Amino acid sequence: MPKHYRPAGKKKEGNAAKYVTRSQAVKLLQVSLVTFRRLCILKGVFPREPKKKVKGNHHTYYHLKDILFVKHDPLLEKFREMRTYEKKIKKAEAKKNKDLYERLRTRKPTYTLDRLILESLLMLLETWMTACPWCTFFAALPALERENIEVKRIHNCRKLSHEWQAYIARTHKLRKVFISVKGIYYQAEVEGQKITWLTPHALQQVLPEDVDYNVMLTFLEFYETLLAFSNFKLYHSINVNYPPILDPQLEALAEELYALSRYLDANTRSSHTSGSNQVESQQNEKQHDESDLRLAQLQHQLPHNEPGALMHLVEDAAGEDEEDEDTKECKNFFKDMKFFLGREVPRESLLFVIPAFGGIVSWEGDGAPFREADQSITHQIVDRPTQGHKFLSREYVQPQWIYDCVNARIILPTEGYLVGRVPPPHLSPFVDNEAEGYVPDYAETIKRLQAATRNEVLPMPGTVKEDLEDPQRLLVEGIIDRAEANEAAEKKRKMATLEKQYHDELKMELEGAQYSSSMVNQNIKSNAASGEAREESVPDLQQIADDAQICQRL
């Protein structure tokens, strides 16, 4: 009997029982190949690679548990019902029954993916990292009937991406921006998680013919629902109703992002004013609860180790999230600055970045909050070789200046970004120069500008950071005066004495010596004596300064 022979009726074992081919899965589910592919995309079922391919290498294999997972999903029955309904429509059309055909066509059954979103909440962040770029990509595509890319889907993707950008700009969660050939990379920090997405440039897109757009539209169907659910939760976290109601005039002018910003500002202000009275009442209730709690504890009526007994006392009355340091810095970065955008600059990107860092922005066209002749404008963003008419009360810079300032977190000098000049290299904030082993010259310049802004002292080329801790070197170079040098030397001597005392105590503890105050006092005296000896060996700081002045005169 051959080794691979299996008698009739014996149960399958190994890979033959765990995996099925695609044709076997389609036969098991009793659906078409298009429906099967659609179900697998929506449920997150993907082909597997078994160690031993029983049916051959030219087949696609699926795990049997994944197929059973799809088989018991209610969405499968919904697709079967829709398929049966399509047959009724075709039958009515073939019989030329117009009344029945119109009645059936207007009552097609529909389905929602809300349950699938709730099932994938554990993988929400990983899935969302793909959902946002997918929607922003389709928002830039043209509508094509032959590829089933409808205008309604394009507008919906554009609306969802603008709602997400408006939330990031309103909460000041944007952290990094980088312009590349592919598009514009953004990185935001939402709920403690860093999220990076890519937005294509506002150019005419050419659709290749070797792409299956039906598969992409199936993914888009799931990502649209996921992004709408995420926007709903995020908007409610800042007490804003969702979906937003936009100004029809701005919406007609294709200024959805600015209209969303106005909507968020108006709703957050109203929520703060209405919530102030609730905060006062909740604070009064909190004070009464605290007094009752103290009385109950004194009377031993409330156990101290009861889980959740004190939970109502530590809840925040207003329910407001505390802003971290990065958010506060981004919120006031472009404070008291007004920007005006030219026609040739990437307006949609700048309308997102500038308000996210606390700036006020306008543009040239209908629906703008203020005009170009406004004297309070501090910067005008232009991207042309020459600028004809200029206002002396503002600075004319290129768009790269905005992105470089955001990544460096300082207001960079505008001399290198003036109109008609070749700007400095646009450095990526996602690259660690020290880890790569190469630091560009402009990165060194930005680093020194950051140190000057924060009143820090950086080491000169050829020195190390430890040289800045030597007070004698700083006195010779004229960075600090004599009193600060003496104070720094005294502080350094005390730290060395305490460090030596700590090491001696550890050594005594390891040797098994008993702890006593007399031994500690003896160690302190010995450390003080050694410190005085070191002071005698240290040269006089005044003498060092005089010698340095003599060398400079020579």
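Keep in mind that what you see is a predicted model, and the values were worked out from it rather than measured.

Novice: Would you mind showing me how to read the overall build of the protein chain here?
Specialist: Looking only at helices and strands, the protein chain features 22 helices and nine strands. Across the 554 residues in the protein chain, those meeting the buried criterion constitute 35%. Entry remark: accessible area of the protein chain is about 35,800 Å², with carbon and sulfur atoms responsible for 52%.

Novice: How should I be thinking about the sheet that holds strand E3 (residues 174-179) in this particular structure?
Specialist: Either a parallel or an antiparallel arrangement is found when strands of a sheet pair, and the pairing is made through backbone hydrogen bonds. In space, the three strands of this open sheet follow the order E3-E4-E5, with antiparallel pairing throughout. This sheet does not close on itself; its edge strands, each paired only once, are E3 and strand E5 (193-199). Taking the axes of each pair of neighbouring strands and ignoring which way they run, one obtains an average angle of 15° across the sheet. In this sheet, strand E4 (residues 184-190) lies alongside E3 in antiparallel orientation, the contact comprising five bridges. In the sheet register, Leu174 faces E4, and the bridge partner there is Ala188.

Novice: Is there a simple way to think about the pattern of salt bridges in this case?
Specialist: Working definition: two side chains of opposite charge can pair if their charged atoms are close together. Inspection of the entire model under this criterion finds 18 salt bridges. Between Asp73 and Lys43 there is a salt bridge; the shortest N-O distance is 2.5 Å. Taken together, the positions of Asp73 in the loop between helix H4 (64-71) and helix H5 (74-94) and Lys43 in helix H3 (residues 33-43) put the pair 30 residues apart, joining distant regions of the chain. Of the residues examined, Lys43 reaches a relative accessible area of 11% and is grouped as buried. Between Glu364 and Arg343 there is a salt bridge, with the nearest N and O atoms lying 3.8 Å from each other. On the criterion of sequence distance, the pair formed by Glu364 in the loop between strand E7 (360-363) and strand E8 (379-381) and Arg343 in the loop between strand E6 (338-341) and helix H15 (347-356) is long-range, its members being 21 residues apart. Classification of Arg343 by relative accessible area gives exposed; the value is 62%. Several salt bridges share partner residues, and in doing so they unite Lys43, Asp73 and Arg115 into one network.

Novice: Help me understand H15 in this model?
Specialist: Within an α-helix, residues lying three or four positions from one another point in the same direction, as the helix has 3.6 residues per turn. The buried fraction of H15 amounts to seven of the ten residues, a majority that puts the element mostly inside the structure. Taken together, the buried positions of H15 are occupied by Ser349, Leu350, Leu351, Phe352, Val353, Ile354 and Ala356.

Novice: Where do I start with unusual backbone geometry in this structure?
Specialist: Comment: phi is negative for the bulk of residues other than glycine, and the bulk of peptide bonds are trans. In this structure, Pro243 follows Tyr242 across a cis peptide bond, with omega equal to 0°. Considering the arrangement of structural elements, one finds Pro243 in the loop between helix H10 (213-237) and helix H11 (248-252). Located in the positive-phi region is Lys96, a residue other than glycine, with phi close to 60°. When you line up the elements, Lys96 lands in the loop between H5 and helix H6 (98-105). Its relative accessible area of 73% is what places Lys96 among the exposed residues. The phi dihedral of Asp336 falls on the positive side, at around 60°, and the residue is not glycine.

Novice: Help me understand the pairing of E5 in this model?
Specialist: Looking along a regular strand, one sees side chains alternate from face to face of the sheet. Note that E4 and E5 share seven bridges and pair antiparallel. Bridged to Gln187 within E5 is Thr196.

Novice: What should I look at first to understand the sheet that holds E8 in this one?
Specialist: Here we have four strands laid out as an open sheet, ordered E7-E6-E8-E9, and parallel in their pairing. Sheet topology places E7 and strand E9 (395-397) at the edges, where each strand pairs with a single neighbour. Each strand of the sheet is rotated relative to its neighbour by a mean of 25°, with strand direction disregarded. Sheet topology places E6 next to E8; three bridges connect them, and they run parallel. Residue Phe340 lies in a different strand from E8, and its bridge partner there is Gln380. The sheet strands contacting H15 are E6, E7 and E8, and the helix crosses E7 at an angle near 165°.

Novice: Would you explain the side chain of Gln380 in this entry?
Specialist: Its place among the elements puts Gln380 in strand E8. In this structure the side chain of Gln380 is engaged in a polar contact, spanning 3.0 Å, whose partner is the side chain of Glu372. For Gln380, the contacting residues outside a window of four places in its chain are Phe340, Glu372, Gln387, Arg394, Glu395, Tyr396 and Val397.

Novice: Where do I start with the packing of aromatic side chains in this structure?
Specialist: Pairs of aromatic rings are described using the distance from one ring centre to the other and the angle between the two planes. Across all of its chains, the model carries 20 aromatic pairs by this definition. Judged by centre distance (5.6 Å) and plane angle (80°), the ring pair of Phe137 and Phe138 falls under edge-to-face. Residue class for Phe138 comes out buried when judged on its relative accessible area of 1%. An aromatic cluster is present here, built from Trp164, Tyr167, Tyr186, Trp197, Phe232, Tyr235, Tyr242 and Phe352 joined pairwise through their rings. Sitting over the ring of Phe370, Lys338 keeps its end group 4.2 Å from the ring centre. One residue, Lys390, lies across the ring of Tyr396, its end atom 6.0 Å from the ring centre.

Novice: I would appreciate a short explanation of helix H18 (residues 441-453) in the present structure.
Specialist: In this model H18 runs 19 Å from its N-terminal to its C-terminal C-alpha over 13 residues, within 8% of the 18 Å that 1.5 Å per residue would give. Among the residues of H18, Tyr442, Ala443, Ile446, Gln450 and Ala451 are the ones counted as buried. Where the residues of H18 are buried, they touch helix H16 (400-408) and helix H17 (433-436).

Novice: Whenever I open this one, the pairing of E6 confuses me. Can you help?
Specialist: Here E6 shows a buried face lined by Lys338 and Phe340 and a second buried face lined by Phe339 and Leu341. Relative to E7, E6 runs parallel, the two being bridged by four bridges. Across the sheet, Phe339 pairs through a bridge with Val361, a residue of E7. For the crossover that starts at E6, traverses H15 and ends in the parallel E7, the hand is right-handed.

Novice: Honestly, the state of the cysteines in this entry has me stumped. Any pointers?
Specialist: Where two cysteines share a covalent bond between their sulfur atoms, that bond is called a disulfide. In the structure shown here, the tally under the stated rule is zero disulfides. Here Cys132 stays free of any disulfide, with the sulfur of Cys135 as its closest cysteine sulfur at 7.2 Å.

Novice: Can you help me understand the environment of Tyr111 in this one?
Specialist: With respect to the helices, strands and loops of the structure, Tyr111 is situated in the loop between H6 and helix H7 (114-119). Take Tyr111: its relative accessible area is 18%, and that puts it in the buried class. Between the alpha carbons of Tyr111 and Met82 there is a distance of 9.5 Å; along the sequence they are 29 residues apart. Setting aside residues no more than four positions away along its own chain, Tyr111 makes contact with Arg38, Leu75, Lys78, Phe79, Met82 and Glu221. A polar atom in the side chain of Tyr111 sits 2.4 Å from the side chain of Glu221.

Parameters and conventions
- Residues numbered from 1 in each chain as written.
- Predicted model: local features only at pLDDT ≥ 70, side-chain atom pairs only at ≥ 80, totals over all residues.
- Heavy atoms only, no water.
- Helix = DSSP H or I, 4+ residues; strand = E, 2+ residues; numbered from the N terminus.
- Buried < 20%, exposed > 50% of the residue type's maximum accessible area, 1.4 Å probe, protein only.
- Areas by Shrake-Rupley, 256 points an atom, 1.4 Å probe, with all protein chains shown as cover.
- Pairing = 2+ DSSP bridges.
- Axes fitted to C-alpha atoms, helices over the stretch in contact; angles between N-to-C directions.
- Salt bridge = Lys/Arg side-chain N within 4 Å of Asp/Glu carboxyl O.
- Contact = heavy atoms within 4.5 Å.
- Polar contact = N/O pair within 3.5 Å; in protein donor to acceptor, adjacent residues only side chain to side chain.
- Phe/Tyr/Trp six-rings, centres within 6.5 Å; stacked < 30°, edge-to-face > 60°.
- Lys NZ or Arg CZ within 6 Å of the ring centre and 35° of its normal.
- Expected span 1.5 Å × (residues − 1).
- Right-handed = clockwise from strand over helix to strand, strands pointing away.
- Disulfide = S-S within 2.5 Å.

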